[in-house]
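Descriptive analysis of the structure
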Amino acid sequence: MADIRYVSFYTVFLRQSVNSPWTMDHGPWTIDFSPFTFHLPMLPESHEYFMQQALKEAQLAFDSDEVPVGAVVVMNNKIIARGHNQVELLNDSTAHAEILALTSAYSSMGSKYLPDATLYVTLEPCLMCCGALYWGKIGRIVYGASDEKNGFHKHLIANHSPFHPKTEVINGVLRDECAWLMKSFFQQKR
């Protein structure tokens, strides 16, 4: 029997307008993006399960007033490293979730290469993080939401991947949940 995990999805409800930080006014109705938690069987080795773990890291960043990006590094279906944005806390523009998770993984594995590892990250990596992932020879990258402004796709030339040639890239895992957290953060800042 599959292990039961808590999965947080953000569902949309229409209801009469109320004052809530999770609502958007739309005429006489309000769209409510309140968190709704329910039980859903998730296999510990699934992409969705590990992206949920990355989302937990992103929530830590959100709670610390950092851009909410989270990452986990997985080998043999076990999380070996975690990270979330700490740019403001460390006053370091390179303290992205991916970089911090990779540094922790290198340390825990005693290696500078991770060809058998998978990085799960809530947002499409930027070019700086792509360089770190390239040199780390990571085996697979799984990301949630696309980043139209700063993501690597914006800088692709003739469809050449910025990652190591053997790196597999999977996108769109829990895209809506990852994007919702980012949108919520920047709406709060406005």
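Another point: the nonpolar core. Ranked by internal contacts, the top residues of the largest apolar core, which has 40 residues, are Met-51, Val-73, Leu-114, Leu-119, Tyr-120, Leu-133 and Ile-138. Contributions of two or more residues to this core are made by helix 1 (47-63), strand 6 (70-75), helix 3 (97-109), strand 8 (118-123), helix 4 (127-135), strand 9 (140-145) and helix 5 (175-189). Element by element, the count of residues in this core is highest for helix 1, at seven residues.

Here the focus is the packing of helix 3 against helix 4. One way to put it is that helix 3 packs onto helix 4 with a least axis distance of 10 Å and a crossing angle of 20 degrees. When the axis of helix 3 is compared with that of helix 4, the two are roughly parallel. For the element pair helix 3 and helix 4, the recorded crossing hand is left-handed. Residue-level inspection shows Glu-98, Ile-99, Leu-102 and Tyr-106 of helix 3 in contact with helix 4, the latter providing Met-128, Cys-129, Ala-132 and Leu-133. Per-class residue counts for the contact of helix 3 with helix 4 are seven nonpolar, no polar and one charged.

A few words now on the environment of Asp-116. If you trace the backbone, Asp-116 turns up in the loop between helix 3 and strand 8. The exposure class assigned to Asp-116 is exposed, which follows from its relative accessible area of 61%. In this structure the C-alpha to C-alpha distance between Asp-116 and Arg-140, which are 24 residues apart in sequence, comes to 7.9 Å.

Here we take up the side chain of Glu-57. Looking at where Glu-57 falls in the secondary structure, it is placed in helix 1. With sequence-adjacent residues up to four places away left out, Glu-57 is seen in contact with Gly-70, Ala-71, Val-72, Arg-82, Gly-83 and His-84.

Rules used throughout
- Residues numbered from 1 in each chain as written.
- Predicted model: local features only at pLDDT ≥ 70, side-chain atom pairs only at ≥ 80, totals over all residues.
- Heavy atoms only, no water.
- Core = buried A, V, L, I, M, F, W, Y, C linked by side-chain atoms within 4.5 Å.
- Buried < 20%, exposed > 50% of the residue type's maximum accessible area, 1.4 Å probe, protein only.
- Helix = DSSP H or I, 4+ residues; strand = E, 2+ residues; numbered from the N terminus.
- Axes fitted to C-alpha atoms, helices over the stretch in contact; angles between N-to-C directions.
- Parallel < 35°, antiparallel > 145°, perpendicular 65-115°, else oblique.
- Left-handed = near helix turned anticlockwise from the far one by under 90°.
- Contact = heavy atoms within 4.5 Å.
- Nonpolar A, V, L, I, M, F, W, Y, C, P; charged D, E, K, R; others polar.

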